[in-house]
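# Survey of secondary and tertiary structure
Each chain is listed here by its residues.
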Amino acid sequence: MDKIKMTTPLVEMDGDEMTRILWKMIKDELLEPFIELNTEYYDLGLEHRNETNDQVTIDSAEATKKYGVAVKCATITPNAARMGEYNLKEMWKSPNGTIRAILDGTVFRAPILVKGIEPNVKTWTKPITLARHAYGDVYKNTEMKIPGPGKVELVYTAADGTEVRELVHEYDGPGIAQGIHNTEKSIRSFAHSCFKYALDTKQDLWFATKDTISKKYDHTFKDIFQEIYDAEYAKAFEEAGLEYFYTLIDDAVARVMKSEGGYIWACKNYDGDVMSDMVSSAFGSLAMMTSVLVSPEGYYEYEAAHGTVQRHYYKHLAGEETSTNSVATIFAWTGALRKRGEMDGNKELMTFADKLEAATIQTIESGKMTKDLVLLTTLENVTALSSEGFIKAIRENLEAML
């Protein structure tokens, strides 16, 4: 069979540790035998980021703007321990954060459902996609420890020098204070990404804040979403038979636990951080979660929702066999290839992506899986495969499908 051709490059961002090992296995076994893979390659491994003073991360994001679609391997965000281990010039920022800032995107995470890995919430029969506004709030905060009596104020100084002051609290003893912010530009970008992705994936959209308590901060999120929906998306949602639904965050949590799933749940930064882990854990495993960064301009960057699997990497370096789950990384590739095919009108590439996903799910449902899934599955007589053995088992099913 002739290899599938690609007309436009895909931006390929390589990564770190065990996921970097899986990355090569996936390309060698599941992609390059069937596709004339056309990628613009960027090495986002920590050593190369250090060598380039992190310029490679910026370059990869700019390339994503040029070509529209990227696929990213998991990467290390260094802490103090990594400084010595990798002899770093400085503690480089999270590549994901840098890329998100450049693309001005929203992160959408969704579980990969397979028979035998049953959600802990029995009513969940369809995926729940978490949309996290990955800007501002507590993640860009300013904090103070208050040593004793006194007052803390919010002060806004306008460009003309005029001031507006609001008392935060008058202390009669030690305490703490925190200032957070957001911007209308970022909230609008978040709203557009959510509405567009809902239409793109044909899913209802839920959004929730605590506007009854936060009457200016959270209420601004609510108002901007409603304004943009009414002005630009209401008709398209109606024509597609989709619903935009707003409620309070506590009500949303209660509703989610009793729902069947099948929608996008948009959350502010902290809510999205917490709820995405709750949803992924309840569906079974973070290793079975897709993640895609979507910008309002139509840029897409696909990756696994998990990290670099450091513990397995050290075992691999010691020559020990590992059984590392590669499903989310495979689905990062299929998501990117499908979107590339969609943008280019390349139906062969889209069909290949569908078949690779089907082959991956079929492999697990036939009882062949990595050890982490063996511990979760309700299937009987299952076989635990090595990292490489699992990928080769998928290839057998893929070849049969093709």
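Note that this is a predicted model, so its numbers are computed, not measured. (Residues numbered from 1 in each chain as written. Predicted model: local features only at pLDDT ≥ 70, side-chain atom pairs only at ≥ 80, totals over all residues. Heavy atoms only, no water.)

## Some thoughts on the overall build of the protein chain
The number of helices and strands found in the protein chain is 14 helices and 18 strands. For the protein chain, whose C-alpha radius of gyration is 23 Å, the value lies close to the compact-globule estimate of 21 Å for 402 residues. Across the 402 residues that make up the protein chain, the buried fraction comes to 50%. Partitioning the intrachain contacts of the protein chain with sequence separation of at least 6 by distance along the chain shows that 76% fall at a separation of at least 24. Of the roughly 19,100 Å² of accessible surface on the protein chain, 50% is carried by carbon and sulfur atoms. (Helix = DSSP H or I, 4+ residues; strand = E, 2+ residues; numbered from the N terminus. Rg over C-alpha atoms; globule rule 2.2 N^0.38 Å. Buried < 20%, exposed > 50% of the residue type's maximum accessible area, 1.4 Å probe, protein only. Contact = heavy atoms within 4.5 Å. Areas by Shrake-Rupley, 256 points an atom, 1.4 Å probe, with all protein chains shown as cover.)

## Points about the packing of helix 1 (residues 17–31) against helix 14 (residues 387–401)
Closest axis-to-axis distance for the helix 1/helix 14 pair is 10 Å, and the angle between their directions is 25°. As summarised for this structure, helix 1 and helix 14 are arranged roughly parallel, according to the angle between their axes. Note that helix 1 runs across helix 14; the crossing there is right-handed. Counted together, M18, L22, M25, I26, D28, E29 and L30 of helix 1 and S387, E388, I391, K392, I394, R395 and L398 of helix 14 form the full contact between these two elements. Split by residue class, the contact of helix 1 with helix 14 holds 8 nonpolar, 1 polar and 5 charged. (Axes fitted to C-alpha atoms, helices over the stretch in contact; angles between N-to-C directions. Parallel < 35°, antiparallel > 145°, perpendicular 65-115°, else oblique. Left-handed = near helix turned anticlockwise from the far one by under 90°. Nonpolar A, V, L, I, M, F, W, Y, C, P; charged D, E, K, R; others polar.)

## Looking at the packing of aromatic side chains
According to the stated counting rule, one finds 21 aromatic pairs in the structure shown. Relative to Y233, the ring of F195 lies with its centre 5.1 Å away and its plane at 25°, an arrangement referred to as stacked. Of this pair, F195 sits in helix 6 (residues 184–201) while Y233 sits in helix 7 (residues 217–240); the two residues are 38 residues apart in sequence, bridging distant segments of the chain. F195 sits in the buried class, given a relative accessible area of 0%. Judged by its relative accessible area of 6%, Y233 falls in the buried class. Measuring from centroid to centroid gives 5.8 Å for F195 and F237, while their planes differ by 85°, and the two rings are edge-to-face. Taken together, the positions of F195 in helix 6 and F237 in helix 7 put the pair 42 residues apart, joining distant regions of the chain. (Phe/Tyr/Trp six-rings, centres within 6.5 Å; stacked < 30°, edge-to-face > 60°.)

## Re the nonpolar core
Of all hydrophobic cores here, the largest spans 66 residues; its most connected members are I35, F195, L205, F237, Y244, L337 and F352. Here I35 is in contact with K3, I4, M6, L337, L349 and F352, once residues within four sequence places are set aside. Counting 17 residues, the second-largest nonpolar core is a separate cluster that includes W206, A208, V279 and A282. (Core = buried A, V, L, I, M, F, W, Y, C linked by side-chain atoms within 4.5 Å.)

## Observations concerning a nonpolar patch on the surface
A surface patch of nonpolar side chains, amounting to about 410 Å² of accessible area, comprises V138, Y139, I180, Y270 and V274. Structurally, Y270 can be placed in helix 9 (residues 269–283). (Patch = residues over 30% accessible without salt bridge, like charges linked within 9 Å, V, L, I, M, F, W, Y side chains within 5 Å. Salt bridge = Lys/Arg side-chain N within 4 Å of Asp/Glu carboxyl O.)

## Overview of the state of the cysteines
Scanning all chains against the criterion turns up 0 disulfides. Between C194, a free cysteine, and C267, which holds the nearest cysteine sulfur, the sulfur-to-sulfur gap is 9.2 Å. (Disulfide = S-S within 2.5 Å.)

## Remarks on the packing of helix 1 against helix 11 (residues 327–344)
Two quantities define a packed helix pair, namely the angle between the helix axes and the distance between the axes. One can describe the packing of helix 1 onto helix 11 by two numbers: an axis separation of 10 Å at closest approach and a directional angle of 60°. Comparing the axis directions of helix 1 and helix 11 gives the class oblique. Judged by the twist between their axes, the crossing of helix 1 over helix 11 is right-handed. When helix 1 is examined against helix 11, the residues W23, I26, K27, L30 and L31 are found in contact with a partner set consisting of T329, I330, W333 and L337. In terms of residue class, the contact of helix 1 with helix 11 is built from 7 nonpolar, 1 polar and 1 charged.

## Digging into the pairing of strand 7 (residues 128–132)
Summarising burial for strand 7: 4 of the 5 residues are buried, a large majority. Direction of pairing for strand 6 (residues 106–111) relative to strand 7: antiparallel, over a ladder of 3 bridges. Across the sheet, V107 pairs through a bridge with R132, a residue of strand 7. (Pairing = 2+ DSSP bridges.)

## Quick look at the side chain of N346
Mapping N346 onto the fold places it in the loop between helix 11 and helix 12 (347–365). Contacts of N346, omitting those with residues within four sequence positions, involve I4, K5, M6 and G341.

## A look at the pattern of salt bridges
A full pass over the atoms with the stated rule returns 28 salt bridges. K126 is paired through a salt bridge with E260; the nearest N and O atoms lie 3.1 Å apart. In this pair, K126 is assigned in the loop between strand 6 and strand 7 and E260 in the loop between helix 8 (249–258) and strand 14 (263–267), connecting sequence segments 134 residues apart. By relative accessible area, which is 42% here, E260 ends up partly exposed. The closest approach of N and O atoms between R188 and E184, which form a salt bridge, is 3.7 Å. Taken together, the positions of R188 and E184, both in helix 6 and 4 residues apart, correspond to about one turn of that helix. The class of R188 is partly exposed, set by a relative accessible area of 27%.

Fair warning: the whole summary comes from geometry, so function is off the table for now.
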